[in-house]
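Report on the structure
Now for the letters of each chain:
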Amino acid sequence: MSIPKLSPFLLIQESLWPNQWLILVSCVLLNQTSRKQVEKIWRHFIHVCPNPEAIISIDEQELALMLKPLGFYSRRAKMLKKLASAYIKNDWKHAKDLPGIGEYGGRAWEIFCCSKLGTIEPKDGALKIYWRWSLNKQ
């Protein structure tokens, strides 16, 4: 696993390398909301929930309350609990095998955790910009 190139765009995932867990969690939090909203809760969130074990042990209502500024907070809390349990089992091969990790999270995991840009342009706007920039920097 090689260090992803730091871009001028400073995606949240870039700053989290090599913490695969937090990269995946950031994708769940960024889904259907803006980076600006996520940044408002991020420091407190990772202080309280730095790893999957912390997510599993925290009360779901407390987790939802922490996520409230992002919207879909009850759904996100449930999903993060499922994600944490599946992540710990470690019987997954690709991030998209995990609950709550869709196309965006899967591509972010490939790019930032596996150092695989791939040949197909990502659909997500921020990943697309990073992907294009990375291809030009090789």
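Here, every reference points to the structure presented above.
Residues numbered from 1 in each chain as written. Predicted model: local features only at pLDDT ≥ 70, side-chain atom pairs only at ≥ 80, totals over all residues. Heavy atoms only, no water.

1. What about the overall build of the protein?
Under the convention used in this document: The numbering of helices and of strands both runs from the N terminus, where a helix is a DSSP run of H or I of at least 4 residues and a strand a run of E of at least 2. Using C-alpha atoms as the atom set, the radius of gyration is obtained and then compared with a globule rule of 2.2 Å times the number of residues to the power 0.38. Relative accessibility decides the category of a residue: with a 1.4 Å probe and only protein chains considered, values under 20% of the type maximum give buried, values over 50% give exposed, and everything between is partly exposed. Only heavy atoms enter the contact rule, under which two residues are in contact if any of them lie within 4.5 Å. Areas reported as accessible are Shrake-Rupley estimates using a 1.4 Å probe. Residue values count occlusion only from the protein chains shown. Only four residue types enter the charge count, namely Lys and Arg as positive and Asp and Glu as negative; His and the chain termini do not. Taken as the charge location is NZ of Lys, CZ of Arg, CG of Asp or CD of Glu.
Helices and strands together make up the secondary structure of the protein, namely eight helices and zero strands. For the protein, the succession of helices and strands along the chain, N to C, is α-α-α-α-α-α-α-α. Relative to a compact globule of 138 residues, whose C-alpha radius of gyration would be 14 Å, the protein shows 15 Å and is just as compact. Dimensions along the principal axes, computed over C-alpha positions, put the protein at roughly 45 × 35 × 25 Å. When the 138 residues of the protein are sorted by exposure, 43% land in the buried category. Expressed as a percentage of contacts within the protein between residues at least 6 apart in sequence, the contacts between residues at least 24 apart total 48%. Total accessible area on the protein is roughly 7800 Å²; 54% of this is exposed by carbon and sulfur atoms. Side chains of the protein give 20 positive and 12 negative charges; the mean places of these two sets differ by 5 Å.

2. What to know about the nonpolar core
Nonpolar side chains in soluble globular proteins tend to be buried together. The criterion, for reference: Each nonpolar core is a collection of buried residues, namely Ala, Val, Leu, Ile, Met, Phe, Trp, Tyr and Cys, held together in the definition by side-chain atoms within 4.5 Å.
Ranked by size, the top nonpolar core spans 45 residues in total, and within it Leu29, Phe45, Leu63, Leu67 and Leu80 carry the most contacts. Of all the secondary structure elements, the ones that give two or more residues to this core are α1 (12–16), α2 (20–30), α3 (35–48), α5 (60–67), α6 (73–89), α7 (103–113) and α8 (125–137). It is α2 that contributes the most residues to this core, nine residues altogether. Not counting the four nearest positions on each side in its chain, Leu63 is found in contact with Phe45, Cys49, Ile55, Ile58, Ala77, Leu80 and Lys81.

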